[in-house]
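Chains, contacts and geometry: an overview
Next come the chains, spelled out residue by residue.
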Amino acid sequence: MPKQFEVTLAGFGGQGIMLAGQLLAYSGMAEGKQVTWVPSYGPEMRGGTAYCTVVISEGRIGAPIITQPQSVCVFNRPSLEKFGPMVKSGGLLFINSSLVDIASGRKDINEYLIPATDTAVKIGSVKFANMVMLGAYIHITSVVKFETILQIFLEKMGDKRQFLESNRIALEEGRKFVQ
Amino acid sequence: MPKQFEVTLAGFGGQGIMLAGQLLAYSGMAEGKQVTWVPSYGPEMRGGTAYCTVVISEGRIGAPIITQPQSVCVFNRPSLEKFGPMVKSGGLLFINSSLVDIASGRKDINEYLIPATDTAVKIGSVKFANMVMLGAYIHITSVVKFETILQIFLEKMGDKRQFLESNRIALEEGRKFVQ
Amino acid sequence: MAKKLMKGNEAIAEAAVCVGAINYFAYPITPQSEVAEYLARRLPEVGGVFIQAESEVAVGNMLFGAACSGKRVFTTSSSPGISLMQEAISYMAGAHLPVVIVNIMRGGPGLGGILPAQSDYFQAVKGGGHGDYRLIVLAPSSVQEAVDLTILAFQLADKYRAPVMMIGDGMIGQMMESVEFPAKYQDPPLPPKDWALGGARGRKPQVIKSLFLDPIALEKNNILLAEKYKVIRENEVRYELYKVNNKNRLLLFAYGMMARICQTAIDELETEGISVGLFRPISLFPFPEKEVYREVLKDNIERLLTVEMSMGQMVEDIERCSKGKKPLGFYGRTGGIVPMTEEVKGAVKKELGLVK
Amino acid sequence: MAKKLMKGNEAIAEAAVCVGAINYFAYPITPQSEVAEYLARRLPEVGGVFIQAESEVAVGNMLFGAACSGKRVFTTSSSPGISLMQEAISYMAGAHLPVVIVNIMRGGPGLGGILPAQSDYFQAVKGGGHGDYRLIVLAPSSVQEAVDLTILAFQLADKYRAPVMMIGDGMIGQMMESVEFPAKYQDPPLPPKDWALGGARGRKPQVIKSLFLDPIALEKNNILLAEKYKVIRENEVRYELYKVNNKNRLLLFAYGMMARICQTAIDELETEGISVGLFRPISLFPFPEKEVYREVLKDNIERLLTVEMSMGQMVEDIERCSKGKKPLGFYGRTGGIVPMTEEVKGAVKKELGLVK
Amino acid sequence: MAKDELTILGRPESLSDNITHYCPGCTHGIIHRLVAESIDELGVRERTVGVAPVGCAVLIYNYLNVDFMESPHGRAPALATGFKRLRPDMIVFTYQGDGDLASIGMSEIIHAANRGEKFTVVFVNNAIYGMTGGQMAPTTMPHQKTTTSPMGRDVSLSGYPIRVAELLSSLRTPAYIARTAVHTPIHVIDAKQKIKRAFAYQIQGKCFSLVEVLSTCPTNWGIAPDAATRWVTDNMMPYYPLGTFKTPEEEIA
Amino acid sequence: MAKDELTILGRPESLSDNITHYCPGCTHGIIHRLVAESIDELGVRERTVGVAPVGCAVLIYNYLNVDFMESPHGRAPALATGFKRLRPDMIVFTYQGDGDLASIGMSEIIHAANRGEKFTVVFVNNAIYGMTGGQMAPTTMPHQKTTTSPMGRDVSLSGYPIRVAELLSSLRTPAYIARTAVHTPIHVIDAKQKIKRAFAYQIQGKCFSLVEVLSTCPTNWGIAPDAATRWVTDNMMPYYPLGTFKTPEEEIA
Amino acid sequence: MPGILINKTYCKGCELCVRACPMQIIAMSKELNEKGYFCAILQEPTKCIGCRICAITCPDAAIEVHTHGTQFALFKY
Amino acid sequence: MPGILINKTYCKGCELCVRACPMQIIAMSKELNEKGYFCAILQEPTKCIGCRICAITCPDAAIEVHTHGTQFALFKY
Ligand SMILES: Cc1ncc(C[n+]2csc(CCOP(=O)(O)OP(=O)(O)O)c2C)c(N)n1
Ligand SMILES: Cc1ncc(C[n+]2csc(CCOP(=O)(O)OP(=O)(O)O)c2C)c(N)n1
Ligand code: SF4
Ligand code: SF4
Ligand code: SF4
Ligand code: SF4
Ligand code: SF4
Ligand code: SF4
Ligand SMILES: [Mg+2]
Ligand SMILES: [Mg+2]
């Protein structure tokens, strides 16, 4: 089977979960891979949980939603509780340790505690937490290149251009936690 | 197969076609037979053609509409044109000769020319034409008794009670044409 | 009770009154407006409620609200009107509400015509609305049976807390036959309607709904429905065999009025020495699946023929249930044309290779 | 044209624009409101018309009127909204109008939920409205295919003067994948739209209608429809086989997104040494009847398994077409729950008796 | 007719040669003629598209020499909207009965009027469902007997008759809305002017226009045509005042 | 709270303990409370049946302690009609948004009002489709941006906002029809009185009653709750005048 | 001289023209037309003033009004 | 003495009560509740006049107003 990366990102609505997933997907595509991005929202307009699943593959992608994803990034506690147990054995779990004070307790996976929110606040806004997390995730998996992500950010987020530098820093800071 | 009478009555709306058929059906039922009465109307509210088919049987009735009925009573020319050719070979065709100046031209059936409308007018109203025709039909077929028809008329047409005598005369006059 | 000569439409109305279904919502449409006209006079006599709704969309939803009271409620309509009720029907099925809906079918699609047809089989039996629900569907073939099945429809609706549809072609609504009503009607034992709304006095508030934002809960509701349908499939299959015997060369399939005409055709074919039997499904859902298969398997049966007042709808269920065991033919007329005895005979003979 | 990463809903919208279908009527409903939101911005750029109708009943009828102009028109909605269009759909089918309707299905029945489902198969494929009509029904399993089938839908609608429905579960509307649009779209040869209304200048007045009070005429219209469906059945069957080979012990049937998940299951089962093939109908009407039968007949196939995001709808067509030749199983989840790869694998193993 | 004679009133060009299926004395026929005359006089026959209702007038396309589409019951305004938006160069009108427009089609007419769709509605109010055999309509008069109100319309159960012209006039979007009648020659003349004016507004691209026409249904009212005209005067006119309720020239409040 | 303290305003009995799913500052919550208070004060909780709409308030049955049925989108008045006719002893109300009532449900509300159905409607006008993510409603203000009117509502294409209270008041059947708001305390007080009065009319068996309540949707308007209240004052109030438009005591014209 | 032509094919015998004519010169014939209706007939042609009221009133557009040369229009129509 | 109780479980931090209180004695806390909102808190309890305006304004019925003994009702509600 072709090489395939699967990641589920989960947190509160408004934490930039969807955007982070989309940036990943765009980047995968820019690097010539097959990609899928599948969102899911709770019923509430505001304040509900949100998660999305991104698959990046060198071949045709079958199921775009994954029972046991290779990797999961959780941004809050309910997400850890829901998705922690789902990580495929041997897979990766990234936890926003700024908001989640426990770990998964699983021994069969690699767990990374990333103080994403705290780091983001330091960079200038809680909004960069998603990029901090992405930085860590990309460094571990090498699923796409850092430059691609930044490139895509520039292309797609034309109106948020002034944040490019902060995003770059956030990615870097994230990477540092797992280097 | 059980003995079965089938008759299609056809004419303009307003000529009492439906009523005549219903009287037959009620009478058949009163005499302990199985009966069906199936109507058909044209699209116009007024002035369209109307016809109905009555089946009176000693056993269970299958098809209540009949491709080739044993007998047909036509009250106007379009009805003759439509239903004349349908009469079963060896069957009966009653034509309201007051309004229809031609015959079916068929040799394989028994044809009766009944000046129903003219006779009815003589009795007092064009409305009795249906009863004149019934008189002839019943006499020939003996499908039900004259008394039953009159009895039913009394029961069902409570508010037209004053016409009972005229109806009786109409039936009688009709019978005379085929005696 | 003495026999009465009645139009099908009126007999259905009276049958409803007979079982206490005196709450009726409808919008006029040919060929069934007589039901409303009859009930407009009849219901005031028995303290019932009749609302002529502004549309069939409203009819479906008035039924919905009225059914929440736990009282027996029903409507009658004809093809286009039934199409307009599909959303409400799906909701009522999802909310487990007992209602009875009668479709006196006319020729379609679209405005079509006002003459008899059987072309809404798919809509009734496979579900015209969205989602995983089914309707119990009954198809009478005489005015008396229309009465009997109307009564049954209300019982089944209550028994299973589910919408029940009775479908008949326009002819059955318009024709007169003699009918008998139960002298003193008594319901069979039925589950209590403790789900009905009537104010939260001495109990917790109750909700009748079909929304389940949690997919697990929504699936649960769907499984509840599916289990209900399973029980219905086990218990409520109804059909009739006519002249089915081990001499039959061909088995006819027809429902409703069409089956009557097939009977006459069978009688006449018999006199010509051609033995044909008739399988008449009475419940179209649950469809007599096993029973059809059982009859199809019989050695003497060479061929199958489905006859409908449609371009071929029930025939797909016959195809499904007969599992390719015998060649299956179809004869249909549509748009208000009723296949006559002669045509059915012709189709049988053609199927048997007796004529070209 | 370069590849774009797009949401299914937006890709469908852009595909329509691509073929000049710039006339869109809709009413908001989750999970497909993005189509309207996208087109509210996009259509003014290309001189198109977008009306947010007051209801789905109105949507269906605005489509109807708009289609009479001969221009390409379409709508998108989700399950309850589609139920409300059934009358208009029947009318448009009866009046031979080319329109495209997209149903991004959510869990039902009733209000149900807003998560993906495939429980409107019956409604789409068997006809939720009244009368003897069928819809051409297409089911994409990727965003790219949603684009391709949208384009095809408009072509087929024009080719056959018939309503075409595309159905996808909510996931296909919401997910993003990379898509490519034709660089410069060119229609294949299509019949002229001489039936369109545009004023009786230099010709006799034309009427677009579905009423035929004369049953002979109405039957004629139905035969016209039936003949059209016959041609469609001959020419427009579409399906895909995945890893179908003479080692397969079991043949899976699934459509839309569900088929994707089955593919992954098949890949994984392969690594476990269990050979399974997938039959994916792309056109649900015309259903690949002969092709299903052909595959079912193959000697190596021991069993069949249909997987749906429903309680079992397409499985009836598989049952019909497989003619009882091989045992047929069903696995379904509903109400917004998508059967996952693991579940499909489990169901396959259970079917093959490899697990209990 | 002698050579030097001049026809001063005859069958308009836009009226076809077909004999209508309407009952004797039914004023649907008059209203058809007025529409045809208006179309002729405004010279738009070749760019007019009608939308037929479901009701006695369902076959209107057999009687008017213009393109037509046939709507589901009550939905004519939605069809007209769809068509007119794609062909703003066309003159589009619906012809609808009171069951069609005021009962099942209430939502469609209100929203079309409120959006200000630029087509014309000829609304034939005969206080009953003609085609289906005389059931109660939302416009049926209090105490009027119909097959579904055999004791007469009971306002405590069915409410008061809906006055469509007034209802639609209460919307803010500019429109031309008027009520007229055709049961006497003088009213026919008024009706003609209003219908023509309604089309004229459309031709000018101005606004939605609707003319409510009080009409008769001798058959289902169960009276002779002549008596039916008197019934309009005695029963309908007092409740349904004639007049122009709204014009697009009015200041928007 | 000390022993001798008296609660003078708290959660009414008819309001359940559940936390609502509404966005912060959304005035749906206020309107819920007013309905609950009215039911409490009139002492009818145990014989009240609500009809939930489809809209943000679809889960209202989780928040009010009364029996409830959940309607298809826009059809609540039809459900209420069906139920109330069979149980005239019950107090029945619908709670509907502007998309629900004024768009898809236009026909049902007009006909229920016109028949004079004896239930109460709480009509929440927030000038937008809240639940589905901010699309244009028939009540959306001219130039207001929504996801389906990204350039702002264009009255030349979509017409003017529908004023439901005025529209329904133009019907002849007696009714109680009023408009109020809840964006300031003073308006909440007015709203409370009107909602309570609407229920009172029903309890007396008098008439159909409807209260239109101007409400906010901070989320889809894209502004903070406080700014949303000002938006009501600045944009909605001038177009949607508050007041009592119709009472059953009025003489029938 | 003004006058009218009544087209029997269209006439359904509703009698509305009979009542409407200000000169009271239209009556019903005693004979049925093909459709089975008693038709209207102009009884005193010379009295016709060409006012068009009959044609305006006729629901079946069965009446044509004509005139020689100029006709004074009693009303705008 | 009148006073109010703000139930943190219900408060969504919309700040409407803050703006509404005529005494301007309600403020927002700096701490999140379980739902992730910054709640309203009564800052100067003694100043409360028990006018009920905050409770009337609160969309989440999070505020309860109470008093000792008789309270002069500023308005009918
Ligand atoms: C959906 C649907 N419901 C009902 C009907 C039946 N139907 C046909 S015409 C009509 C009413 C006609 O009344 P009106 O609109 O007042 O027209 P009229 O005949 O009086 O001119 C009805 C209810 C239908 N064709 N379609
Ligand atoms: C038949 C149907 N069409 C569309 C929808 C989708 N839908 C759900 S709520 C809603 C609009 C809600 O807006 P509104 O009534 O104003 O309520 P709000 O959320 O603003 O309170 C729509 C269009 C649906 N559920 N059913
Ligand atoms: S039924 Fe009434 S409306 Fe219809 S044609 Fe006859 S008179 Fe006219
Ligand atoms: S979306 Fe709008 S209406 Fe809905 S809860 Fe949020 S603020 Fe209230
Ligand atoms: S034109 Fe005038 S005067 Fe002459 S017949 Fe007609 S109505 Fe009478
Ligand atoms: S008005 Fe016309 S249809 Fe009626 S009687 Fe006179 S000519 Fe004949
Ligand atoms: S009761 Fe009045 S004074 Fe006291 S906190 Fe509330 S609003 Fe302020
Ligand atoms: S009004 Fe209510 S919800 Fe809003 S901040 Fe104040 S207490 Fe909290
Ligand atoms: Mg009418
Ligand atoms: Mg709203």
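The structure this text deals with has already been given above.
Residues numbered from 1 in each chain as written. Chains lettered and ligands numbered in written order. Predicted model: local features only at pLDDT ≥ 70, side-chain atom pairs only at ≥ 80, totals over all residues. Heavy atoms only, no water.

1. A short note on the overall build of chain E
Tallying secondary structure elements over chain E gives nine helices and eight strands in all. Considering only C-alpha atoms, chain E reaches an extent of 55 × 50 × 30 Å along its principal axes. When the 253 residues of chain E are sorted by exposure, 74% land in the buried category. In chain E, once contacts between residues fewer than 6 apart in sequence are set aside, the share between residues at least 24 apart is 68%. Averaging the positions of the 23 positive and the 24 negative side-chain charges in chain E gives two centres separated by 4 Å. (Helix = DSSP H or I, 4+ residues; strand = E, 2+ residues; numbered from the N terminus. Buried < 20%, exposed > 50% of the residue type's maximum accessible area, 1.4 Å probe, protein only. Contact = heavy atoms within 4.5 Å. Lys, Arg positive; Asp, Glu negative; His and termini not counted. Charge placed at Lys NZ, Arg CZ, Asp CG, Glu CD.)

2. Description of the nonpolar core
Grouped together as the largest cluster of nonpolar side chains are 468 residues, with contacts concentrated most on Leu252 of chain C, Leu252 of chain D, Ile110 of chain E, Ile110 of chain F, Ile26 of chain G together with Ile26 of chain H. Filtering out sequence-adjacent residues up to four positions away, Ile110 of chain E remains in contact with Leu167, Leu168 and Leu171 of chain E together with Met106, Ile110 and Leu167 of chain F. (Core = buried A, V, L, I, M, F, W, Y, C linked by side-chain atoms within 4.5 Å.)

3. Some words on the site of ligand 5
Near ligand 5 you find 13 residues, and of these Cys21, Cys48, Cys51, Arg52 and Cys54 of chain G are the closest. Here the residues of the shell around ligand 5 are counted per class, giving 11 nonpolar, one polar and one charged. (Near = heavy atom within 4 Å. Nonpolar A, V, L, I, M, F, W, Y, C, P; charged D, E, K, R; others polar.)

4. Details of the coordination of the magnesium ion (ligand 9)
All names here are of chain E. Bound to the magnesium ion (ligand 9) on the protein side are Asp98 (OD), Asn126 (OD1) and Ile128 (O), at distances that span 1.9 to 2.1 Å. One chain supplies every donor to the magnesium ion (ligand 9), and in sequence these donors are spaced D-x27-N-x1-I. Here Asp98 is found in helix α3 (residues 98-104), whereas its partner Ile128 is found in the loop between β5 (120-125) and α5 (155-158), with 30 residues between them in sequence. As far as burial versus exposure is concerned, Asp98 and Ile128 are alike and both buried. (Donors = N, O, S within 2.8 Å, 3.2 Å for Na, K, Ca; no water.)

5. Quick look at the interface of chain E and chain D
Taken residue by residue, the interface counts 33 residues in chain E and 35 residues in chain D. Between chain E and chain D, the buried area comes to about 2,700 Å², and carbon and sulfur atoms account for 62% of it. Among the residues chain E hides against chain D, the three largest losses belong to Asp67, Glu70 and Leu86 of chain E. Together they make up 25% of the total. At the boundary of chain E and chain D, one finds two salt bridges. A salt bridge links Arg203 of chain D to Asp67 of chain E; the nearest nitrogen and oxygen atoms lie 2.6 Å apart. For the pair chain E and chain D, the number of links is 12 residue pairs in polar contact (both at pLDDT 80 or more). Listed by contribution, the elements that provide at least two residues to the side of chain E that touches chain D are β2 (48-52), β3 (67-70), α2 (76-86) and α4 (106-115) of chain E. For the side of chain E that touches chain D, a count of residues per class yields 14 nonpolar, eight polar and 11 charged. Pairing geometry for strand β9 (residues 207-208) of chain D and β3 of chain E, over two bridges, is parallel. Of the residues in β3 of chain E, the one forming a bridge with Val207 of chain D is Phe68 of chain E. (Buried area = accessible area lost by both parts, 1.4 Å probe. Salt bridge = Lys/Arg side-chain N within 4 Å of Asp/Glu carboxyl O. Polar contact = N/O pair within 3.5 Å; in protein donor to acceptor, adjacent residues only side chain to side chain. Pairing = 2+ DSSP bridges.)

6. A word on the coordination of the magnesium ion (ligand 10)
Residues and elements named next belong to chain F. Around the magnesium ion (ligand 10), the donor atoms from the protein are Asp98 (OD), Asn126 (OD1) and Ile128 (O), and they sit 1.9 to 2.1 Å away. Motif for the magnesium ion (ligand 10), donor spacing along one chain: D-x27-N-x1-I. Here Asn126 lies in the loop between β5 (120-125) and α5 (155-158) and Asp98 lies in helix α3 (residues 98-104), a separation of 28 residues in the sequence. Each member of the pair Asp98 and Asn126 is classed as buried.

7. A look at the relation of the copies chain C and chain D
For the match of chain C to chain D, the screw axis carries a shift of 0.0 Å, the RMSD comes to 0.0 Å, and the turn is 180°. Such a combination of turn and shift is consistent with a two-fold rotation axis. In this assembly, 100% of the residues forming the interface of chain C have copies in chain D that are likewise at the interface, indicating an isologous arrangement. (Least-squares fit on C-alpha atoms with pLDDT ≥ 70 in both.)

8. Description of the sheet that holds strand β6 (residues 136-138) of chain C
Residues and elements named next belong to chain C. Spatially, the seven strands line up as an open sheet ordered β3-β2-β4-β5-β7-β6-β13, and their pairing is mixed. Here the strands that pair on one side only, and so sit at the sheet edges, are β3 (49-52) and β13 (283-285). Neighbouring strand axes in the sheet, compared pairwise and without regard to direction, differ in orientation by 20° on average. In this structure, strand β4 (residues 73-77) lies alongside strand β5 (residues 100-105), joined through four bridges in parallel fashion. Note on β5: the bridge partner recorded for Ser77 is Asn103. (Axes fitted to C-alpha atoms, helices over the stretch in contact; angles between N-to-C directions.)

9. So, the packing of aromatic side chains
Using the criterion set out here, one finds 44 aromatic pairs over all chains in the structure. Here the aromatic rings of Phe94 of chain B and Tyr137 of chain B are separated by 5.6 Å at their centres, their planes lie at 75°, and the arrangement is edge-to-face. In this pair, Phe94 of chain B sits in strand β5 (residues 92-96) while Tyr137 of chain B sits in helix α4 (residues 129-141), placing the two residues 43 residues apart along the sequence. Given the relative accessible area of 2%, Tyr137 of chain B is considered buried. Here the aromatic residues Tyr24, Phe50, Phe74 and Phe154 of chain C are joined through ring pairs into a cluster of three or more. Over the ring of Tyr239 of chain E we find Arg163 of chain E; its NZ or CZ atom is 4.4 Å from the centre of that ring. Its guanidinium or amino end placed over the ring of Tyr77 of chain H, Lys192 of chain F lies 4.3 Å from that ring's centre, counting from NZ or CZ. (Phe/Tyr/Trp six-rings, centres within 6.5 Å; stacked < 30°, edge-to-face > 60°. Lys NZ or Arg CZ within 6 Å of the ring centre and 35° of its normal.)

10. Here's the deal with unusual backbone geometry
With omega at 5°, the peptide bond leading from Thr30 of chain C into Pro31 of chain C counts as cis. Along the chain, Pro31 of chain C turns up in the loop between β2 (23-26) and α2 (33-46). For Arg52 of chain G, which is not glycine, the phi torsion reads 75° and is therefore positive. Here Arg52 of chain G lies in the loop between β3 (38-42) and α2 (53-57). The backbone phi angle of Ala61 of chain H is positive, close to 45°, even though this residue is not glycine. Structurally, Ala61 of chain H is set in the loop between α2 (53-57) and β4 (63-68). Under the relative-accessibility criterion, Ala61 of chain H is labelled buried at 6%.

11. Considering the pairing of strand β12 (residues 276-281) of chain D
Residue and element names in this part refer to chain D. Extensive coverage of β12 is indicated by the burial of six of its six residues. Every second residue of β12 is oriented toward a common face, with Val276, Leu278 and Arg280 on one face and Gly277, Phe279 and Pro281 on the other, all of them buried. Where strand β10 (residues 239-242) and β12 come together, four bridges link them in antiparallel fashion. Each bridged residue has a counterpart across the sheet, and for Glu240 the counterpart in β12 is Arg280. Examined bridge by bridge, strand β11 (residues 250-253) and β12 share four bridges and lie parallel to one another. Counterpart to Leu252 in the pairing with β12 is Leu278. A crossover connection joins β11 to the parallel β12 through helix α10 (residues 257-271); in handedness this β-α-β unit is right-handed. (Right-handed = clockwise from strand over helix to strand, strands pointing away.)

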